[in-house]
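Summary of structural features
So the chains spell out like this:
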Amino acid sequence: MDQMDCRILHILKDNGRETASDISKKVHLSVSAVLDRIKKMEESGLIKGYTVVVDSKAMGNDVTALMEISLEHPRYHDSFTEVIMEHPNILDCYYLTGDYDFVLKISCASSDELERIHRTIKSVPGVSATRTHFVLKEIKNTYSAIPGEAAES
């Protein structure tokens, strides 16, 4: 990946529906060169896919929480992560060092729904402790980091 790929990625990160024609104008490459570079990044797995970013509140999910989870023993890791992968309200799950084993990002409609999710997680075999933090306000939410400076317009 070179600087040109980084510039193309920055543009696609801002708008995954940007046309190759518009990208080519911004980075001063031919449309075919832009398409070739995008295809190579997709084939290599650097670009994993394209998605839609929705407004959680507009979707009726007014509560965002971060939940830390401790497991009794590492043998519970796989069964715990299987449950997490299937739960639609758990947006992110990170395996950690430190006092807790995992942190989850949860989006749901209400504190009552968060309580139900909490009970579900607490009932997973091997879960020994949880700590939940309500998000008061989202300040920054970036889905991926791309090296280098911001894309030029």
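This one's a predicted model, so the numbers in the text were calculated from it and none came from an experiment.

**Let's talk about the UniProt feature "domain: HTH asnC-type" (unreviewed entry) in the chain**
In this numbering, the UniProt entry assigns the feature "domain: HTH asnC-type" (unreviewed entry) to residues 1-62. Between the C-alpha atoms that bound residues 1-62 there is a distance of 39 Å. The span itself is 55% helix and 0% strand.

**Focus: the sheet that holds strand 4 (residues 127-134)**
Across the sheet, four strands lie side by side as 2-3-1-4; this open sheet has antiparallel pairing. In this open sheet, the two strands that pair with only one neighbour each are strand 2 (90-95) and strand 4. Within this sheet the neighbouring strands show an average axis-to-axis angle of 20°, counted without direction. Taken together, the seven bridges between strand 1 (residues 63-71) and strand 3 (residues 102-108) define a ladder with antiparallel strand orientation. When the bridges of strand 3 are listed, Leu-66 appears paired with Lys-105. With respect to the sheet, helix 4 (residues 77-86) is in contact with strand 1, strand 2, strand 3 and strand 4, its orientation differing from that of strand 3 by roughly 15°. Helix 5 (residues 111-122) contacts strand 1, strand 2, strand 3 and strand 4 of the sheet and is inclined by roughly 160° relative to strand 4.

**Here we look at the packing of helix 2 (residues 20-27) against helix 3 (residues 31-44)**
Running from N to C, helix 2 and helix 3 point in directions that differ by 105°, and their axes come no closer than 8 Å. Here helix 3 runs roughly perpendicular to helix 2, going by the angle between their axes. Where helix 2 abuts helix 3, its residues Ala-20, Ser-21, Ile-23, Ser-24 and Val-27 lie against Val-31, Val-34, Leu-35 and Ile-38. Partitioned by chemical class, the residues of the contact of helix 2 with helix 3 number seven nonpolar, two polar and no charged.

**Considering the pairing of strand 2**
In this sheet, strand 3 lies alongside strand 2 in antiparallel orientation, the contact comprising five bridges. By the bridge assignment, Ile-90 is partnered in strand 3 with Ile-106. Hairpin connection from strand 2 to strand 3: six residues lie between these consecutive antiparallel strands, with Gly-98 at a positive phi of about 105°.

**Comments concerning the environment of Val-53**
Relative to the helices and strands, Val-53 is located in the loop between helix 3 and strand 1. A C-alpha to C-alpha distance of 18 Å links Val-53 and Ala-65, two positions 12 residues apart in sequence.

**Considerations on the domain arrangement of the chain**
Taken as a whole, the chain is organised into domain 1 (1-42) and domain 2 (55-133). Computed from C-alpha coordinates alone, the two centres of domain 1 and domain 2 are separated by 36 Å.

**Details of the pairing of strand 3**
Burial runs high along strand 3: seven of the seven residues are buried. The side-chain alternation of strand 3 yields two buried faces, one formed by Phe-102, Leu-104, Ile-106 and Cys-108 and the other by Val-103, Lys-105 and Ser-107.

**A few points about the pattern of salt bridges**
Side-chain pairs of opposite charge can arise whenever the charged atoms involved come near each other. One pass over the structure, following the stated rule, counts six salt bridges. For Asp-2, the salt bridge identified is with Arg-37, shortest N-O distance 2.9 Å. Of this pair, Asp-2 sits in the segment before helix 1 (3-14) while Arg-37 sits in helix 3, and the two are 35 residues apart along the sequence. Taking the relative accessible area as the measure of exposure, Arg-37 reaches 23% and is therefore partly exposed. A salt bridge links Glu-43 to Lys-39; the nearest nitrogen and oxygen atoms lie 3.9 Å apart. Taken together, the residues Glu-43 and Lys-39, both in helix 3 and four residues apart, mark about one turn of the helix. Under the relative-accessibility criterion, Glu-43 is labelled exposed at 59%.

**A closer look at a nonpolar patch on the surface**
Residues Val-52, Val-54 and Met-59 make up a contiguous nonpolar surface patch of about 330 Å² in total accessible area. Residue placement: Val-54 occurs in the loop between helix 3 and strand 1.

Rules and cut-offs
- Residues numbered from 1 in each chain as written.
- Predicted model: local features only at pLDDT ≥ 70, side-chain atom pairs only at ≥ 80, totals over all residues.
- Heavy atoms only, no water.
- UniProt positions renumbered as here; feature names shortened; annotations may be inferred.
- Helix = DSSP H or I, 4+ residues; strand = E, 2+ residues; numbered from the N terminus.
- Pairing = 2+ DSSP bridges.
- Axes fitted to C-alpha atoms, helices over the stretch in contact; angles between N-to-C directions.
- Contact = heavy atoms within 4.5 Å.
- Parallel < 35°, antiparallel > 145°, perpendicular 65-115°, else oblique.
- Nonpolar A, V, L, I, M, F, W, Y, C, P; charged D, E, K, R; others polar.
- Domains from an automatic or database assignment.
- Buried < 20%, exposed > 50% of the residue type's maximum accessible area, 1.4 Å probe, protein only.
- Salt bridge = Lys/Arg side-chain N within 4 Å of Asp/Glu carboxyl O.
- Patch = residues over 30% accessible without salt bridge, like charges linked within 9 Å, V, L, I, M, F, W, Y side chains within 5 Å.
- Areas by Shrake-Rupley, 256 points an atom, 1.4 Å probe, with all protein chains shown as cover.

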